[in-house]
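# Geometric and topological summary
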Amino acid sequence: MRENPLLLETATCRYGMEALARAAELIRLGQPVAVPTETVYGLAADARDSDAVAAIYAAKGRPDYNPLIVHVTDMEMARGLAVFDEKAEQLAARFWPGPLTLVMPVREDAGLSPLVMAGLPTVAIRMPAHRAMQALIRESGVPLAAPSANRSGAISPTSAEHVLGSLGGRIAMILDDGPTTKGIESTIIAPGMEGLRLLRPGPVTAAMLEEASGLPVSAGAAGKIEAPGQMESHYAPSKPVRLCAEEREAGEYLIGFGSVQGDISLSETGDLEEAAANLFAALHIADASSSTRIAVASIPVEGIGAAINDRLKRAAA
Ligand code: TXA
Ligand code: MG
């Protein structure tokens, strides 16, 4: 039996050789470690070890029907796990390393823990563009399963402090390499020769995918949860959230954007990349404020704005 995940002392260690060696040792021992990627902090464990993967689900309180993304450092590792068709190869060549996750048929000889796929015949794979996650995969020598490093359903973490606030006492270590740059989880697609199905909008936009693949991008079938984590209520603060706010109403903490000035702004200049990078930190701050409700200015649905609106809708649901 694994020890109670609630009784661990959580060490936050600044990224460097020593911290990396310690993190890799924990991975070898089957313990999850929080580590940054360019999108959000992930909670990583050996994707081939069912006890280690079970420890991720336990620490997060994640339902076991919600599969995990497997992180790799190179194409050889990736091709050993999933069956890449021509389109998947093309997209990987164009966007990896980077914030794109590809859902593909899992190889029979992949050696992954079945808990990673949660019963699906497919596996989600991504090659992250962050030195800490890349170094941890190399140092531990195994593909790492890693969901976002937060309690299931809560706001995603873009800093070591966010991880500590959500998972402190439930994990042994956080590898701290500062705030993440993209701020929003990877785009998830299921590639096919006729078209790409967008399962979760993210930093790689539909327009970028269409341009790179020459194929149409369609939304994952409405009403059906194709990426099981895309549940209606997710990224949820503990307070009610009102969207498309033009000004503050009584009791609200207002998150502004562009010309809408709030208690804090996602981007005063109306820059969507900046807004994405600031989104989860702003929700964390609003949630911790003394206000009883949260309001958020309207964000245009163009470019990465589609992903920002996707997350806001779930935060408000
Ligand atoms: O940017 C990211 O993707 C971050 C960093 C840590 O890499 N990870 C992340 O993981 O956001 P998580 O677990 O919070 O979200 C993974 C999503 C879930 O919605 C899950 O349902 C979906 O990926 N997913 C995983 N495997 C899948 C599969 N085989 N088919 C469809 N969806 C899948
Ligand atoms: Mg998540």
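Our subject is the structure listed above.
Here's what I pulled together on the structure shown here.

The rules behind each value
- Residues numbered from 1 in each chain as written.
- Chains lettered and ligands numbered in written order.
- Predicted model: local features only at pLDDT ≥ 70, side-chain atom pairs only at ≥ 80, totals over all residues.
- Heavy atoms only, no water.
- Buried < 20%, exposed > 50% of the residue type's maximum accessible area, 1.4 Å probe, protein only.
- Helix = DSSP H or I, 4+ residues; strand = E, 2+ residues; numbered from the N terminus.
- Pairing = 2+ DSSP bridges.
- Contact = heavy atoms within 4.5 Å.
- Axes fitted to C-alpha atoms, helices over the stretch in contact; angles between N-to-C directions.
- Patch = residues over 30% accessible without salt bridge, like charges linked within 9 Å, V, L, I, M, F, W, Y side chains within 5 Å.
- Areas by Shrake-Rupley, 256 points an atom, 1.4 Å probe, with all protein chains shown as cover.
- Salt bridge = Lys/Arg side-chain N within 4 Å of Asp/Glu carboxyl O.
- Lys, Arg positive; Asp, Glu negative; His and termini not counted.
- Charge placed at Lys NZ, Arg CZ, Asp CG, Glu CD.
- Core = buried A, V, L, I, M, F, W, Y, C linked by side-chain atoms within 4.5 Å.
- Arc of directions from axis to C-beta.
- 1 Å grid on protein atoms, 1.4 Å probe; cavity = no way out; pocket = protein on both sides within 12 Å on 5 of 7 lines; lining within 4 Å.
- Points joined across faces, edges and corners; volume = space filled by probe spheres on them.
- Left-handed = near helix turned anticlockwise from the far one by under 90°.
- Nonpolar A, V, L, I, M, F, W, Y, C, P; charged D, E, K, R; others polar.

## A few points about the pairing of strand β3 (residues 41–46)
- Taking burial as the measure, the 6 residues of β3 include 6 buried ones, the bulk of the element.
- One ladder, built from 4 bridges, connects strand β2 (residues 33–36) with β3; its direction is antiparallel. Bridge pairing in β3 places Ala-34 opposite Leu-43.
- Hairpin connection from β2 to β3: 4 residues lie between these consecutive antiparallel strands.

## Quick look at the sheet that holds strand β12 (residues 241–242)
- In space, the 4 strands of this open sheet follow the order β12-β15-β13-β14, with parallel pairing throughout. Of all strands in the sheet, those bounded by a partner on one side alone are β12 and β14 (264–265).
- Sheet analysis places strand β13 (residues 252–256) next to β14, joined by 2 bridges and oriented parallel. Opposite Gly-256, over in β14, you have Ser-265 as the bridge partner.
- On top of the sheet, helix α9 (residues 272–288) reaches β13, β14 and β15 (293–296); it is set at about 165 degrees to β13, its chief contact.

## With respect to the environment of Ser-290
- Mapping Ser-290 onto the fold places it in the loop between α9 and β15.
- With 213 residues separating them in the primary sequence, Ser-290 and Met-77 have C-alpha atoms 48 Å apart.

## So, a negative patch on the surface
- On the surface, Glu-268, Asp-271, Glu-273 and Glu-274 cluster together into a patch of negative charge.
- By secondary structure assignment, the location of Glu-274 is in helix α9.

## Details of the side chain of Gln-31
- Mapping Gln-31 onto the fold places it in the loop between α1 (17–28) and β2.
- Excluding anything up to four places from it in sequence, Gln-31 contacts Leu-8, Leu-26, Ala-44 and Ala-172.

## Section: the sheet that holds strand β9 (residues 187–191)
- As summarised here, the arrangement of the 11 strands in space is β1-β8-β2-β3-β7-β4-β6-β5-β9-β10-β11, forming an open sheet in which the pairing is mixed. Each having just a single partner strand, β1 (11–14) and β11 (217–219) make up the two edges of the open sheet.
- Here β2 pairs with strand β8 (residues 173–176) via 2 bridges, running parallel. Bridge pairing links Ala-34 to Ile-174 in β8.
- Sitting on the sheet, helix α8 (residues 206–213) is in contact with β5 (100–105), β9, β10 (196–200) and β11, with an inclination near 145 degrees to β11.

## So, the nonpolar core
- Within the largest apolar cluster, 69 residues are counted, with the highest numbers of intra-cluster contacts made by Phe-84, Trp-96, Leu-100, Leu-102, Ile-125 and Leu-209.
- Top contributing element to this core by residue count: α1, with 6 residues.

## A look at helix α7 (residues 160–167)
- Every buried residue of α7 is accounted for by Ala-160, His-162, Val-163, Ser-166 and Leu-167. Seen along its axis, α7 keeps its buried residues to an arc of 155 degrees; they face one direction. Turned more than 90 degrees away from the buried face of α7, the exposed residues are Glu-161 and Gly-165.
- Summarising the contacts, the buried residues of α7 are in contact with β1, β2, β3, α2 (50–60), β8 and α9.
- Where α7 ends, the next residue or the one after it, Gly-169, has phi of about 85 degrees, a positive value.

## Looking at the layout of surface pockets
- Estimates place the volume of the largest pocket at around 780 Å³.
- Together, 49 residues line the largest pocket, and Pro-67, Ile-69, Ala-124, Ile-188 and Ala-227 are the ones closest to its centre.
- The set of elements that each furnish at least two residues to the lining of the largest pocket consists of β3, β4 (69–71), β5, α5 (114–117), β6 (122–126), β9 and β10.
- In terms of residues, the lining of the largest pocket owes the most to one element, β6, which gives 4 residues.

## Some remarks on the packing of helix α4 (residues 86–95) against α8
- Packing of α4 against α8 leaves a shortest axis separation of 10 Å and a crossing angle of 115 degrees. Considering only the axes of α4 and α8, their crossing is right-handed. Along the contact surface, α4 presents Lys-87, Gln-90, Leu-91, Arg-94 and Phe-95, while α8 presents Met-208, Leu-209, Ala-212 and Ser-213.
- Taken together, the residues that form the contact of α4 with α8 break down as 5 nonpolar, 2 polar and 2 charged.

## Details of the pattern of salt bridges
- Taken as a whole, this structure holds 14 salt bridges when the rule is applied.
- Across the pair Glu-25 and Arg-28 runs a salt bridge whose closest N-O atoms are separated by 3.4 Å. Of this pair, Glu-25 and Arg-28 are both found in helix α1, 3 residues apart, which corresponds to roughly one turn of the helix.
- Overall, Glu-25 belongs to the partly exposed group, its relative accessible area being 37%.
- In this structure, Asp-310 engages Arg-314 in a salt bridge whose closest nitrogen and oxygen atoms are separated by 2.6 Å. With Asp-310 and Arg-314 both in helix α10 (residues 305–316) and 4 residues apart, this pair spans about one turn of that helix.
- Residue class for Arg-314 comes out buried when judged on its relative accessible area of 14%.
- Counted as one network, the salt bridges with shared partners bring together Glu-185, Asp-310, Arg-311 and Arg-314.

Keep in mind that these numbers describe shape and distance, not what the molecule does.
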